[in-house]
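Here is how the chains run, residue by residue.
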Amino acid sequence: QCPDPSLDPDPGLAMKGDELKERDPHLPQPIPGLGKGGKHEGPRPGPEPAAPAQPVEEDEALIEFHRSYRELFRVFCNTTTIHGAIRLVCSKHNRMKTAFWAALWLCAFGMMYWQFALLFEEYLSYPVSLNINLNSDKLVFPAVTVCTLNPYRSVLAGATCLLPQGGRRGDRKKKKKSLLSPVPKDPGCRARAASADQLPRCLTLTGLGCDQNKSDCFYQTYSSGVDAVREWYRFHYINILSRLPDAVPALQEEAPGKFIFTCRFNQAPCTHANYSHFHHPMYGNCYTFNNKNDSHLWMSSMPGINNGLSLTLRTEQNDFIPLLSTVTGARVMVHGQDEPAFMDDGGFNVRPGVETSISMRKEALNSLGGNYGDCTENGSDVPVKNLYPSKYTQQVCIHSCFQESMIKKCGCAYIFYPRPKGVEFCDYRKHSSWGYCYYKLQVAFSVDSLGCFSKCRKPCSVTSYKLSAGYSRWPSVKSQDWIFSMLSLQNNYTIKNKRNGVAKLNIFFKELNYKTNSESPSVTMVTLLSNLGSQWSLWFGSSVLSVVEMAELIFDLLVITLLLLLRRFQSRYWSPGRGARGAREVASSPASSLPSRFRPHPTSPPPCLPPQPDPTLSLVPSAPPPAYASLRPWASPLGSVGPSSSAQSLTEP
């Protein structure tokens, strides 16, 4: 039973006694053990009140997670900065509104991430934008290479066996008959020739080589006897050139004056410092004007035919080798200063007796490499060694790749391309099967079986010159007499066939405006983030911090799922007290080693019930309540007024 409140002292009296004690500290203190009327009351036995049970304080963890998905979503919807999420909680008493806002929120969420997918797809496709700029300034004149179209003169070639055997004309017909033979065994050739209204006769070129075992030989079929004879002579011409030393002064022309009659640039005559010379195995002596090795490069400050390069060339072919040169005129190529002259790939021929005017227009292309395009900056990342003493170009790489394959599979180098150190040029006296290997390799190269076209990527920066040509008869009938006489006096050379003996070439800039095409990323990281932020604001009206909140929500979902799975697994397989063996383990284990949820918690008695007395405890006397009626005024021994006046005031009713 609860204690009777009537037994407690008067709380008002206790309060008055406390106030009196605070007002007069000189009042005598009550004697312990004295009750009302001054009687001494002995100690009353009674149990000592038990101390109240202290609540068990739980330690706050560093990281805490929600206990259920419901609690997680409730807290998220109440605290997030995403618009519309709080509607899922505020309208929970109206299921229709809750369903409507949930569907609307999920639709907005799906549309936003669908737009995100489109934006990322566009970004990962690495699109580029093409910027076209038109510039106008002084231009560096390009390099111009001119070749004679005849590698050796017939007067000098007889001593080196460059002419066909049997003399110049004596046994030439017999030689041609021995080279060519009809091929009735190839019905496909007859069918192709008949369908194309050609001659129903095909020719096979023999003697181009067999393999080392002589079990397989290469046969090339031609529908033209001229092409077959030229290919046969070209094959043996390569074998002859491979035996010659690197420099044969007797076979080269002594001076460019025998080929170039006049040279002017910007109305000023050319000098020896303006050109360089090299010898091409098929096109003869070549002269490159305005090369990178020149001390001063030519600059064009004005467009037009009078502000470019003007050449008068000798095109006579009286001493040409007939099977080696079948074209009259000169070979010309326009290229950059740091690029080699590939006369087979980018050259054109100049016709004799004609003034050829070539107008140029410069164009520059700057492409993006890496993920934006398949190009290389300087060729350092291309798995092909550059064999040319020039910068990287796609043609340089392709020729170097073919030469590497030739050396690897045939054991010798092709004479028309540069060779590495320590490698010999192909010669059938030293390499008996090189012809068979070369022609087989040429077929594989044309179908890209060697991988040269896939390995050799285009450079990221390319400068090209767009050419347009104009032709006119030169010299005219009225002026040819004095022009030929002046050329003969100037160069100490008599032109026998006047019309076919000379040609004029003009190369100039059509205009100084040049176009620059440059690529730039169409979608950058800044653009992507801006588009993502626009979509996020459109569908949810939130910011970057909302993205962090969504990431936190996803993380909490994963953690709660993992904890629930772990708790279910633990309760199923690792719960204490599972089975008889588990009961014995729990009974024998101390309480401190068990988890907190399995420990017995101490129970405290209800607050309304008095604590039970402990018989082991000794009786402690308790002090009775103070006797307020025994208070009397005391006379101050020092005669002070303060205490007596205060005592009198206490006795007044």
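Heads up: the structure comes first, above all this text.
Note that residues are indexed from 1 along each chain, following the sequence as it is written. Given that this is a predicted model, residues contribute local features only at a pLDDT of at least 70 and side-chain atom pairs are listed and counted only at 80 or more, while totals for whole chains, interfaces and linings are drawn from all residues. Excluding hydrogens and water, the side-chain values take into account all heavy atoms of the structure.

As a further point, take a nonpolar patch on the surface. Together, Phe-65, Phe-555, Leu-563, Leu-566, Phe-569 and Tyr-573 make up a nonpolar patch on the protein surface, roughly 620 Å² of accessible area in all. Using a relative accessible area of 49% as the deciding quantity, one classes Phe-555 as partly exposed. Like-charged residues within 9 Å of one another, or nonpolar side chains (Val, Leu, Ile, Met, Phe, Trp, Tyr) within 5 Å, are grouped into patches, provided each residue has over 30% relative accessible area and no salt bridge. Accessible areas in this description were obtained via Shrake-Rupley with a 1.4 Å probe; residue shielding takes into account the shown protein chains only. We define a salt bridge as a contact between a side-chain nitrogen of Lys or Arg and a carboxyl oxygen of Asp or Glu at a distance within 4 Å. When a residue's accessible area, from a 1.4 Å probe over protein chains only, is under 20% of the maximum for its type it is buried; when over 50% it is exposed; and in between it is partly exposed.

This next bit is on unusual backbone geometry. Of the consecutive residues Trp-474 and Pro-475, the connecting peptide bond is found in the cis state with omega at -15 degrees. Here Pro-475 shows up in the loop between β18 (461-473) and α13 (480-491). Unusually for a residue other than glycine, Asn-266 sits at a positive phi of about 55 degrees. Numbered from the N terminus, helices here are DSSP runs of H or I no shorter than four residues, and strands are runs of E no shorter than two. Its location among the elements puts Asn-266 in the loop between β7 (260-265) and β8 (268-269). Not every positive phi belongs to a glycine, and Asn-290 is a case in point at roughly 60 degrees. Tracing the sequence through the fold places Asn-290 in the loop between β10 (284-289) and β11 (299-300).

Per the stated rule, a full pass over the model turns up 8 salt bridges. Across the pair Glu-363 and Lys-515 runs a salt bridge whose closest N-O atoms are separated by 3.8 Å. A residue pair is termed long-range when its members are at least 10 positions apart, and Glu-363 in strand β15 (residues 354-366) and Lys-515 in strand β20 (residues 513-521) qualify at 152 residues. Glu-363 gets classed as buried once you look at its relative accessible area, which sits at 19%. Where salt bridges share partners, they join Asp-374, Asp-381 and Arg-457 into one cluster.

We now examine the state of the cysteines. We call a pair of cysteine sulfur atoms a disulfide whenever their separation is within 2.5 Å. For the coordinates displayed, the defined rule picks out 7 disulfides. With a sulfur-sulfur separation of 2.2 Å, Cys-375 is cross-linked through a disulfide to Cys-460. With the S-S dihedral at roughly 90 degrees, the linkage between Cys-375 and Cys-460 falls on the right-handed side. Taken together, the positions of Cys-375 in strand β16 (residues 375-376) and Cys-460 in the loop between β17 (458-459) and β18 put the pair 85 residues apart, joining distant regions of the chain. Residue Cys-397 pairs covalently with Cys-456 via a disulfide, S to S 2.1 Å. A torsion of -75 degrees about the S-S bond marks the disulfide between Cys-397 and Cys-456 as left-handed. Remark: Cys-456 occurs in the loop between α12 (452-455) and β17 and Cys-397 occurs in helix α10 (residues 394-410); sequence separation between them is 59 residues.

Here we take up the nonpolar core. Buried Ala, Val, Leu, Ile, Met, Phe, Trp, Tyr and Cys residues form a nonpolar core when they are joined through side-chain atoms within 4.5 Å. Core analysis: the biggest nonpolar cluster contains 50 residues, and Phe-402, Met-406, Tyr-414 and Trp-434 have the highest contact counts within it. Going through the elements one at a time, α8 (225-241), α10 and α11 (434-446) are the ones with two or more residues in this core. In this description, contact between two residues means that some pair of their heavy atoms is separated by no more than 4.5 Å. Ignoring sequence-local partners within four residues, the contact set of Phe-402 consists of Tyr-414, Tyr-417, Tyr-438, Leu-441, Gln-442, Phe-445, Leu-450 and Cys-452. If you look at the next biggest cluster of nonpolar residues, it comprises 28 residues, including Phe-259, Ile-260, Cys-263 and Phe-289.

What is shown is where atoms sit, not what they do.
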